[in-house]
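Survey of secondary and tertiary structure
Each chain, letter by letter, is given below.
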Amino acid sequence: MNLFQDSRIDIQRDAYELQMSFKWFSPTAIFLAFFCVAWDGFLIFWYAMGSQTDAPWIFFVFPLIHVAVGVGLTYYTLCLFFNKTQVRVNRDQVEVLHAPIPWWRGNKNVASAELEQLYVKEKRSTSKNGSSNYTYKLRAKLVDGKDLALLDIGRGDSEIMQRIETEIESFLGIEDEAIAGEFQKDRKVRQPVTPKARSTAPLANPHHLQLQHLKAGDFVDYERQSYQVAHLSQYDWNNGDSDKLLQLLSNSNEERLVYLQQNGGLFQPYLETKLSLIEANSIFFLKASPPEQLTYQNQTFQLSQYLKGQLFRTGQKQPFPAEQWSYHSADQQQSLRVVDNDSLTSMYLGQKELPGSFENLLTP
C-alpha cells in the first residue's frame, strides 16, 4: 500500500515491510554537468596537445591532481543524474541500496534489533568565497553504543532524511528522542509515556455514550444481561489508532471479552475468546516469519494487518511493548488475533458484532 508519494520520495508499506526510495537528482546536477564538460574538455585538449607536440613528462604529470578532481566530480555528477537510493525495512534488517552506479560510501545492512535511535546530522562546509554548503546524513545509534552513518550520499535533502528517520522509527516501534548534535533536535520534545488520552468532558447527551468511552467500573448490557467493565487493556499503535480489550463480568461471574478495533473514526467490536495454550500450539505461527495464512478449526484466516506499539493495562503504570498480527476469515466476520507483548504470545478468536448490540451504557 502506497502511503506517501511526491516528486522527491516514494514510500510503500505493508504488514511485513517498509520500502522507501528517492532519486538523487537536483538542479545542482545541471550546473555540475556543464562544469564537468568544461573541466574535462580542457584536460582532454591539454593531453591531446602534449601528445601531438611530444611534450616532456612533466607536461603530463603536472595536471594529475586536476584529472583526479575531474574524474571524481564527473562520477558524482553521473550519480546525481542516474542514481536512486532504496531503503528496505522489515523485522530482521534495515537495508540501504544505491543503484545503478556504485557509491563509494557503499550499501548498508543493519539488523533491526541493533537499532536504538535514528537521527539526522547536518554538516556545514565553507567555500573559498565564503559561501556555505550544507549536507545531511541519516545516522544510527546502536544498542552496543556504536554510531554509524546509515545514509550518506554527499548531499541529502534534510526533509527527506527526516522523513526516512520518522518512517523507520514508526515501523520498528522506536520511540523518537533528541540526540546531541542532531539537526533540529529542538523539534523533539520527549513526553512521558502515557496512554492516549480520551476526552473527560461530560457528554452533552448521556445516551450518546459509546463503547470507546467505557472505562473500568462502567456498565453495559449485552443480550439482556448486565455487565461491568472489570478490566481494560489499551493498545496504542504506531499508526495512530488505539484498540481496547474490555473484560466484562456479570453478577453471576459470566465473562465476556470485547475487543474494540479502531480504524480512524470507526470502532468495530469483536466478541473474543482467548485460546488455551494447547489450542494456540495447534496453530502454526512463527513470530520470526509470520505466515500469510493461519488455519484453525478448518477455517482459513488471511493476514490483514501488522501493528506495533505499546500495551497499557488497568492498574499498571508502565506500558509493555506490543506487536499484533490480525488475521480475518474470507467473509471478514471472524478474526484471529495474535498478540506478542513482553515476549508472551497470546491468541484470540473473535466474532464480529454490531455496535448497536451493546445497550444501556452507563458510567457511574
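Now for a look at the structure at hand. (Residues numbered from 1 in each chain as written. Predicted model: local features only at pLDDT ≥ 70, side-chain atom pairs only at ≥ 80, totals over all residues. Heavy atoms only, no water.)

Moving on, we come to the overall build of the protein. For the protein, the count of helices and strands is 5 helices and 20 strands. Evaluated residue by residue, the protein yields a buried proportion of 40% over its 364 residues. For the protein, the proportion of contacts with a sequence separation of at least 24, taken over those separated by at least 6, is 51%. Taken as a whole, the protein presents about 20,900 Å² of accessible surface, with 55% of it coming from carbon and sulfur. (Helix = DSSP H or I, 4+ residues; strand = E, 2+ residues; numbered from the N terminus. Buried < 20%, exposed > 50% of the residue type's maximum accessible area, 1.4 Å probe, protein only. Contact = heavy atoms within 4.5 Å. Areas by Shrake-Rupley, 256 points an atom, 1.4 Å probe, with all protein chains shown as cover.)

The next thing to look at is the pattern of salt bridges. Under the definition given, this model contains 9 salt bridges. Note that Lys 215 and Asp 218 form a salt bridge whose closest N and O atoms lie 3.7 Å from each other. On the basis of relative accessible area, Lys 215 is assigned to the partly exposed category, the value being 38%. Overall, the relative accessible area of 2% leaves Asp 218 in the buried class. Between Glu 323 and Lys 287 there is a salt bridge, and its shortest N-O distance comes to 3.4 Å. Of this pair, Glu 323 sits in strand β17 (residues 320-328) while Lys 287 is found in the loop between α5 (277-281) and β15 (293-296), placing the two residues 36 residues apart along the sequence. For Lys 287, a relative accessible area of 31% gives the class partly exposed. A single network of salt bridges, built from pairs that share partners, joins Glu 223, Glu 254 and Arg 256. (Salt bridge = Lys/Arg side-chain N within 4 Å of Asp/Glu carboxyl O.)

What follows covers the nonpolar core. Formed by 36 residues in total, the largest nonpolar core has its most connected members in Leu 115, Ile 164 and Ile 168. The greatest single-element share of this core, amounting to 6 residues, is contributed by helix α4 (residues 158-172). With near-sequence residues (within four places) excluded, Ile 168 lies in contact with Leu 18, Met 20, Val 87, Val 89, Val 94 and Leu 118. (Core = buried A, V, L, I, M, F, W, Y, C linked by side-chain atoms within 4.5 Å.)

Moving on, we get to the packing of aromatic side chains. All chains considered together, the criterion is met by 13 aromatic pairs. On the numbers, 5.8 Å between centres and 40 degrees between planes, the contact of Tyr 76 with Trp 103 is tilted. Placement of the pair is Tyr 76 in helix α3 (residues 64-82) and Trp 103 in the loop between β5 (93-99) and β6 (108-111), with a sequence separation of 27 residues. For the pair Tyr 76 and Trp 103, a shared accessibility class is recorded, and that class is buried. (Phe/Tyr/Trp six-rings, centres within 6.5 Å; stacked < 30°, edge-to-face > 60°.)

The next thing to look at is unusual backbone geometry. The step from Ala 99 to Pro 100 runs through a cis peptide bond, and the omega angle for that step is 5 degrees. Here Pro 100 lies in the loop between β5 and β6. Positive phi outside glycine occurs at Glu 223, with the angle close to 50 degrees. By relative accessible area, which is 57% here, Glu 223 ends up exposed.

This paragraph deals with the pairing of strand β10 (residues 219-222). Sheet topology places β10 next to strand β11 (residues 225-237); 4 bridges connect them, and they run antiparallel. Note on β11: the bridge partner recorded for Val 220 is Tyr 227. Remark: 2 residues form the turn of the hairpin made by β10 and β11, two consecutive strands paired antiparallel; Glu 223 in that turn has positive phi of roughly 50 degrees. Relative to strand β20 (residues 358-362), β10 is paired through 3 bridges, and the arrangement is antiparallel. Along β20, the bridge assignment pairs Phe 219 with Leu 362. (Pairing = 2+ DSSP bridges.)

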